[in-house]
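Below, each chain spelled out in residue letters.
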Amino acid sequence: MRPTTPPARVASPTGPLADTPSATASAAPVLVSADELLRSDVLRLAAAAGVVVDVARDPSTALRRWPVAPVVLVGADLAGALAATAPPRRAGVHVLGHGALPDDLFRHALGVGAESVAALPASETWLVELLTDVGDGAATPGVTIGVLAGSGGAGATVFACALAQAATTRGAALLVDADPLGPGSDRVLGVEGDAGVRWDAMLQATGRLSARSLRESLPRRGALSVLTWPADGSASLQPFALREVLSAGARGFGCVVVDLPRRPGKVVDEAVSRCDHVVLVCGLTVPAVAAASRITRTLLAGAVSRHLVTRGGAGGVAPAEVSQVLGIPLLVAMTDQRGLDEAVNLGAGPLRSPRGRLARAARTAVGRLVGPGGTAATVGRPVAARLEAAS
Ligand SMILES: Nc1ncnc2c1ncn2[C@@H]1O[C@H](COP(=O)(O)OP(=O)(O)OP(=O)(O)O)[C@@H](O)[C@H]1O
Ligand SMILES: [Mg+2]
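Just so it is clear, the structure is predicted and the values come from calculations on it, not from any experiment.

Trainee: Any chance you could explain the site of ligand 1 here in plain terms?
Mentor: Around ligand 1, a shell composed of 19 residues is seen, among which A149, G155, A156, T157 and V158 lie nearest. Secondary structure elements with two or more residues in the shell around ligand 1: α6 (156-167) and α14 (340-345). The element best represented in the shell around ligand 1 is α6, accounting for three residues. Tallied by class, the residues present in the shell around ligand 1 amount to eight nonpolar, six polar and five charged.

Right under this line is the structure:
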């Protein structure tokens, strides 16, 4: 998952791009070229990305596809002719050539409003990633929800597992275990024997991670995929790896739940900044609230949308009071789930009883935070995430 070198960026001479028609799921990327060598190269790379590319062999055919294609690849051979038609500005236009590119190609690239100029074969990896993103259907990213414990043992890992399980009623869900010192969310869910990639293998990968490969490689039960730690020893999580996983996760799943580590550092900062919502799980004792208050100040400063889940029963601090002290709106107050430890020990997962308190609390959270089809329900996405999804 090392970042790849992008092709040369082209500055737009006309300021911000005009509105781009939204890409429909059925619209295919277009290659505008009559160059047979370029065509066969692009079709080969498109096959590797798992997408079909339409070919327009002249500018007038290209202009008919111009408003609807999610990506337009303009061959160096037709860039000048297309620029002469002064096509309307739109995002997702790239000029492609072979080997050393002539200087006037950059002028033509400006004329067609291209974002970049790329040469094959040097930019093959970049092109596969660009087309993979189209194949992933990046237009509507799923909702990403971080879950953090206010104090040790508050119940964040259990709630993250329950939330991810409950979210499968809205579509495919991904549980990302970002806490290397936790119990392992596969173990809590009872799927630790399932085959699939864990963080150690994920961290070896290079290049951009596609949503499809994430979906296909992880352990999965029904609509729930899990990314967690290897049983024998841990790998240390790097912020760029988490960024790639969350980015691919939002493209490939309706809901991504992240079990966050309760330690300050770049990993938790990265995750919090990428979450649409962060849920803080807090016990109902004075020490638990005191610890949660510190966690809120240190780890949740960058969260765009914070929610409180309390766990505990009568005799504790009132959930509304905890909410007031922390300055975080109460999402749900749940009492302890009876038989939870037994269910987890037996490998039945935390939601063995669908009518249990934990299941009800998880469903309430899904109802409030996950819209139909898995989009963020109550607030917009962080600007950085939206820009990335749009680029
Ligand atoms: N909803 C619940 N009902 C009853 N018991 C619970 C519940 N949630 C958690 N527990 C109990 O608390 C223990 C710790 O839970 P969990 O691992 O989720 O804590 P955590 O907040 O993730 O802790 P850490 O901060 O160390 O990661 C569980 O093993 C279980 O015994
Ligand atoms: Mg935990």
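Past the structure itself, the notes keep going.
Trainee: Which parts of the structure should I look at to understand the nonpolar core?
Mentor: In a soluble, globular protein the nonpolar side chains are often hidden away together inside. Ranked by internal contacts, the top residues of the largest apolar core, which has 85 residues, are V147, L163, V257 and L280. By size, the runner-up hydrophobic cluster in this structure holds 37 residues, among which are L38, A49, A56 and L73.

Trainee: Where do I start with helix α12 (residues 286-299) in this structure?
Mentor: The α-helix winds at 3.6 residues per turn, so residues separated by three or four positions along the chain end up facing the same way. The end-to-end C-alpha distance of α12, which contains 14 residues, comes to 20 Å, matching closely the 20 Å that a straight helix rising 1.5 Å per residue would cover. Buried residues of α12: A288, V289, A292, I295, T296 and L299, and no others. Taken end-on, α12 shows its buried residues confined to a sector of 120°, consistent with a single buried face. Among the exposed residues of α12, those oriented more than 90 degrees off its buried face are V286, P287, R294, R297 and T298. For α12, the secondary structure elements touched by its buried residues are β7 (143-149), α11 (266-274), β12 (277-283) and α13 (319-326).

Trainee: Looking at this model, I keep getting lost on the pairing of strand β11 (residues 255-259). Mind explaining?
Mentor: On a regular strand, one side chain projects to one face of the sheet and the next to the other, so that they alternate. Of all the five residues making up β11, five are buried; the element is thus mostly covered by neighbouring parts of the structure. Residue alternation in β11 divides its side chains into two sets, C255, V257 and D259 and V256 and V258, and both sets are buried. Taken together, the five bridges between β7 and β11 define a ladder with parallel strand orientation. Bridging from a neighbouring strand, V143 pairs with C255 of β11. Sheet topology note: the strand β8 (residues 173-177)/β11 ladder contains five bridges and is parallel. Among the inter-strand pairings, V176 is bridged to a residue of β11, identified as V258.

Trainee: Looking at this model, I keep getting lost on the packing of helix α10 (residues 239-252) against α11. Mind explaining?
Mentor: Two packed helices can be described by the angle between their axes and the distance between those axes. Packing of α10 against α11 brings their axes to within 9 Å, and their N-to-C directions diverge by 25°. On the basis of their axis angle, the class for α10 and α11 is roughly parallel. Along this stretch, α10 crosses α11, giving a crossing that reads as right-handed. Packed against α10, whose contacting residues are P239, L242, R243 and L246, the element α11 presents K266, V267, E270, A271 and R274 at the interface. Per-class residue counts for the contact of α10 with α11 are five nonpolar, no polar and four charged.

Trainee: I tried to follow the environment of T85 on my own but got confused; where do I start?
Mentor: The residue T85 is located in the loop between α3 (76-84) and β5 (93-98) in this model. Residue T85 is classed as partly exposed on the basis of its C-beta count, with 14 C-beta atoms lying within 10 Å. Along the sequence, T85 and P59 sit 26 residues apart, while their C-alpha atoms lie 7.9 Å from each other. Setting aside residues no more than four positions away along its own chain, T85 makes contact with P59 and L63.

Trainee: What should I look at first to understand the sheet that holds strand β14 (residues 330-334) in this one?
Mentor: Pairing between the strands of a sheet comes from backbone hydrogen bonds, and it takes one of two forms, parallel or antiparallel. The mixed open sheet is built from eight strands, whose spatial order is β9-β10-β8-β11-β7-β12-β13-β14. Of all strands in the sheet, those with a lone pairing partner are β9 (220-221) and β14, marking the two edges. Of the strands in this sheet, β12, β13 (306-311) and β14 touch α13, which is tilted by about 145° from β13.

The rules we used
Residues numbered from 1 in each chain as written. Chains lettered and ligands numbered in written order. Predicted model: local features only at pLDDT ≥ 70, side-chain atom pairs only at ≥ 80, totals over all residues. Near = placed C-beta within 6 Å. Helix = DSSP H or I, 4+ residues; strand = E, 2+ residues; numbered from the N terminus. Nonpolar A, V, L, I, M, F, W, Y, C, P; charged D, E, K, R; others polar. Core = buried A, V, L, I, M, F, W, Y, C linked by C-beta atoms within 7 Å. Buried ≥ 20, exposed ≤ 12 C-beta atoms within 10 Å, placed from the backbone. Expected span 1.5 Å × (residues − 1). Arc of directions from axis to C-beta. Contact = placed C-beta atoms within 7 Å. Pairing = 2+ DSSP bridges. Axes fitted to C-alpha atoms, helices over the stretch in contact; angles between N-to-C directions. Parallel < 35°, antiparallel > 145°, perpendicular 65-115°, else oblique. Left-handed = near helix turned anticlockwise from the far one by under 90°.

Any functional reading would require information that these geometric values do not contain.
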